[in-house]
Amino acid sequence: MHIPDGFISPQTYLPAYALAAGLWGYAARRVHRQLDADTLPFVAAYTALAFVLMMVALPLPGGTTAHAAGIGLLAVCFGGWMAFLAISLVLAMQALLFGDGGITALPINALAMGLVGSFCALAAWKLLTRLHETLALFLAGWLSIVVPAALVAVVLGMQPAIAHDAQGAPLFFPFGLSITLPAVVLPHVLVGIAEGVLTVLGYRYLTRLRSRLAA
Amino acid sequence: MTRLSFITALFCLFAAWPVHAHDLQHSVDGAPAVVIKLFYMGDTPFAFEAYEIYREGEKLPYQVGRTDSQGRIAFLPDRAGAWRVKAFSEDGHGLDFKLETDTAAVPSNTEKPAYERYGRIAVGVALILGLFGLLSLYARRKKPQ
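Residues numbered from 1 in each chain as written. Chains lettered and ligands numbered in written order. Predicted model: local features only at pLDDT ≥ 70, side-chain atom pairs only at ≥ 80, totals over all residues. Heavy atoms only, no water.

1. Notes on the packing of helix α2 (residues 40-55) of chain A against helix α4 (residues 80-97) of chain A
Residue and element names in this part refer to chain A. It is at 10 Å that the axes of α2 and α4 come closest, and there the two elements cross at 45 degrees. With respect to their mutual orientation, α2 and α4 come out oblique. Once α2 is placed against α4, the crossing between them reads as right-handed. Facing α2, whose interface residues are Leu-40, Val-43, Thr-47, Ala-50, Phe-51, Met-54 and Met-55, α4 presents Met-82, Ala-86, Ile-87, Leu-89, Val-90, Leu-91, Met-93 and Gln-94. Class assignment for the residues of the contact of α2 with α4 results in 13 nonpolar, two polar and no charged. (Axes fitted to C-alpha atoms, helices over the stretch in contact; angles between N-to-C directions. Helix = DSSP H or I, 4+ residues; strand = E, 2+ residues; numbered from the N terminus. Parallel < 35°, antiparallel > 145°, perpendicular 65-115°, else oblique. Left-handed = near helix turned anticlockwise from the far one by under 90°. Contact = heavy atoms within 4.5 Å. Nonpolar A, V, L, I, M, F, W, Y, C, P; charged D, E, K, R; others polar.)

2. Concerning the sheet that holds strand β7 (residues 107-108) of chain B
All names here are of chain B. Judged by pairing direction, the sheet is antiparallel, and its five strands sit side by side in the order β3-β2-β5-β6-β7 without closing on themselves. Two strands bound the open sheet, and with one partner strand each, they are β3 (63-66) and β7. With six bridges joining them, strand β2 (residues 50-55) and strand β5 (residues 81-88) adopt antiparallel strand pairing. Considered in β5, the bridge of Tyr-54 is made with Arg-84. (Pairing = 2+ DSSP bridges.)

3. Looking at the nonpolar core
Counting 74 residues, the largest nonpolar core has Ile-8, Phe-78 and Phe-84 of chain A as its most contacted members. When contributions to this core are tallied by element, the ones reaching two or more residues are α1 (10-33), α2, α3 (71-78), α4, α5 (106-128), α6 (133-162) and α7 (177-214) of chain A together with α2 (117-142) of chain B. Residue contributions to this core peak at 11 residues, all from α4 of chain A. Setting aside residues no more than four positions away along its own chain, Phe-84 of chain A makes contact with Leu-23, Trp-24, Ala-27, Ala-110, Leu-111, Gly-114, Leu-115 and Ser-118 of chain A. Counting residues in each nonpolar core, the second largest holds 15 residues, with Val-34, Val-85, Leu-99 and Ala-105 of chain B among its members. (Core = buried A, V, L, I, M, F, W, Y, C linked by side-chain atoms within 4.5 Å. Buried < 20%, exposed > 50% of the residue type's maximum accessible area, 1.4 Å probe, protein only.)

Right under this line is the structure:
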């Protein structure tokens, strides 16, 4: 799902950087107030897990690959703002160390996966957890992948309309929405299942571990 | 009459000359090429995907096409210098990197990541854990037990 460098126009990534910078600052203030030394090792472990998950590409039909991300898991375990910062950190490290997801695309990846993904997961979990906790956790994980994928597809698909030369040839990503939406979203509908299962298992494990440590 | 036939035949021959431009010919030759292989982690090839190659600083591509079934691009540089390679799939995967080559298609100074991939995963995990370790220390100092 990460957008590489060279695919996004400055007209898109500069405003995205401004928006993301403001939200990173706000999230840091929110998280700082709730900073808890007992929770941080768990956040560290799940952030590291998210980093590793994003490096492991799953081959999908059609020759493409996708990966789970641990976004829903971070969101339901530690809250939306912490998840936003943790996923942003992972994305920044991937861009700097691996070239996975570009520096120019970082704010778009962070806003789509870190912010929108986390808060979609959190909303699904909070709305449905009283009805059926397992279903709520699964949907949280599923939505945390599928909604950001749709957002990334829209941003990519809009590039030919946003940035093109005098002849109308795209200057950055060349495919329009009719191509990007199915190409990006459909594989992630499948990956969302893995993400949903991961969220259920990861949340249950953390709850058990915390109660065992508290006893 | 014979003369008239000859002139008519000559006219037809010249009138049909532009048709020869559509008679596509081919030659087969071996030449040194730069071969770029694109693949996902786990060696899954980036097969049949679009790519563009540009001479440094130019906006019109030098070569466009699709990778082969093994995820490879072969191109023959017409001069020594830097080249920009862009490859992209419809689902947003891709790369945009530079390489340098001489006229004999020997690449040099290709942009390579600083660490090998698996090593870098370990470095990434260590960095994350280290960063959160520092945050933990800070949080403990902030709220002494």
